[in-house]
Amino acid sequence: MRPEAAPSEGTPWAHGPGRPKNIPETAIVLNQRIITRESLDSSVPAALKLKKRIKRFALDNELDHLPIGDIVSVALDEWLTARGF
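The shown structure was predicted, so the numbers you read here are calculated from the model rather than taken from an experiment.

Student: Report on the layout of surface pockets, specifying residues and quantitative values.
Tutor: To find leftover empty space, a probe the size of one water molecule is rolled over the atoms. Looking at the largest pocket, its volume works out to about 1200 Å³. Surrounding the largest pocket, 32 residues form its lining, Leu-40, Gly-69, Val-72, Ser-73 and Leu-76 being those nearest its centre. Mapped by element, the contributors of at least two residues to the lining of the largest pocket are helix H1 (26-30), helix H2 (50-60) and helix H3 (68-82). Looking at the lining of the largest pocket element by element, the count peaks at ten residues for H3. Residue composition of the lining of the largest pocket, grouped by class: 19 nonpolar, seven polar and six charged.

Next up, the structure:
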């Protein structure tokens, strides 16, 4: 596989058996008053300038606090669910 090749050009992702039945929908969890959280540490490509874009989004929308953890939760949950996990 070429270094610049997209993940879809190489070995296909394994597809899981489906979203586990004991995993609630993201919206239900995020709408709870008290949410037990765990840390998820990840590095992202600097070229995407995600930190700068997030700050710009917050400023443009006059937000004092942007729930990064909630945004990441939605994105990862949708990504995993689409792949059957």
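Let's pick the thread back up.
Student: Any chance you could break down the packing of aromatic side chains for me, citing the residues and the numbers?
Tutor: Per the counting criterion, the structure on display carries one aromatic pair. Plain terms: the ring middles of Trp-13 and Trp-79 are 5.5 Å apart, the flat faces sit at 85° to each other, and that makes the pair edge-to-face. Of the two residues, Trp-13 sits in the segment before H1 while Trp-79 sits in helix H3, which places them 66 residues apart along the sequence. Its guanidinium or amino end placed over the ring of Trp-13, Arg-83 lies 5.9 Å from that ring's centre, counting from NZ or CZ.

Student: Describe the side chain of Arg-19, and please don't skip the residues or the numbers.
Tutor: Tracing the backbone through its elements, the reader meets Arg-19 in the segment before H1. What makes Arg-19 buried here is its relative accessible area of 19%.

Student: I'd like to hear about the pattern of salt bridges, residue by residue, with values.
Tutor: A side chain with one charge may pair with a side chain of the opposite charge, provided their charged atoms come close. This structure, assessed with the given rule, holds four salt bridges. The salt bridge involving Arg-56 is made with Asp-60; its shortest N-O contact spans 2.7 Å. Of this pair, Arg-56 and Asp-60 both sit in helix H2, four residues apart, which is roughly one turn of that helix. Residue Arg-56 is classed as partly exposed on the basis of its relative accessible area of 47%. Via salt bridges that share partners, Arg-19, Glu-25 and Asp-77 belong to a single interconnected network.

Student: A description of the environment of Leu-66 should follow, citing residues and the corresponding values.
Tutor: Along the chain, Leu-66 turns up in the loop between H2 and H3. A relative accessible area of 14% means that Leu-66 is categorised as buried. Measuring from C-alpha to C-alpha, the distance between Leu-66 and Ile-54 comes to 8.1 Å, with twelve residues separating the pair along the chain. Not counting chain neighbours up to four residues away, the residues in contact with Leu-66 comprise Ile-54, Phe-57, Ala-58 and Ile-71.

Reading guide: rules and limits
- Residues numbered from 1 in each chain as written.
- Predicted model: local features only at pLDDT ≥ 70, side-chain atom pairs only at ≥ 80, totals over all residues.
- Heavy atoms only, no water.
- 1 Å grid on protein atoms, 1.4 Å probe; cavity = no way out; pocket = protein on both sides within 12 Å on 5 of 7 lines; lining within 4 Å.
- Points joined across faces, edges and corners; volume = space filled by probe spheres on them.
- Helix = DSSP H or I, 4+ residues; strand = E, 2+ residues; numbered from the N terminus.
- Nonpolar A, V, L, I, M, F, W, Y, C, P; charged D, E, K, R; others polar.
- Phe/Tyr/Trp six-rings, centres within 6.5 Å; stacked < 30°, edge-to-face > 60°.
- Lys NZ or Arg CZ within 6 Å of the ring centre and 35° of its normal.
- Buried < 20%, exposed > 50% of the residue type's maximum accessible area, 1.4 Å probe, protein only.
- Salt bridge = Lys/Arg side-chain N within 4 Å of Asp/Glu carboxyl O.
- Contact = heavy atoms within 4.5 Å.

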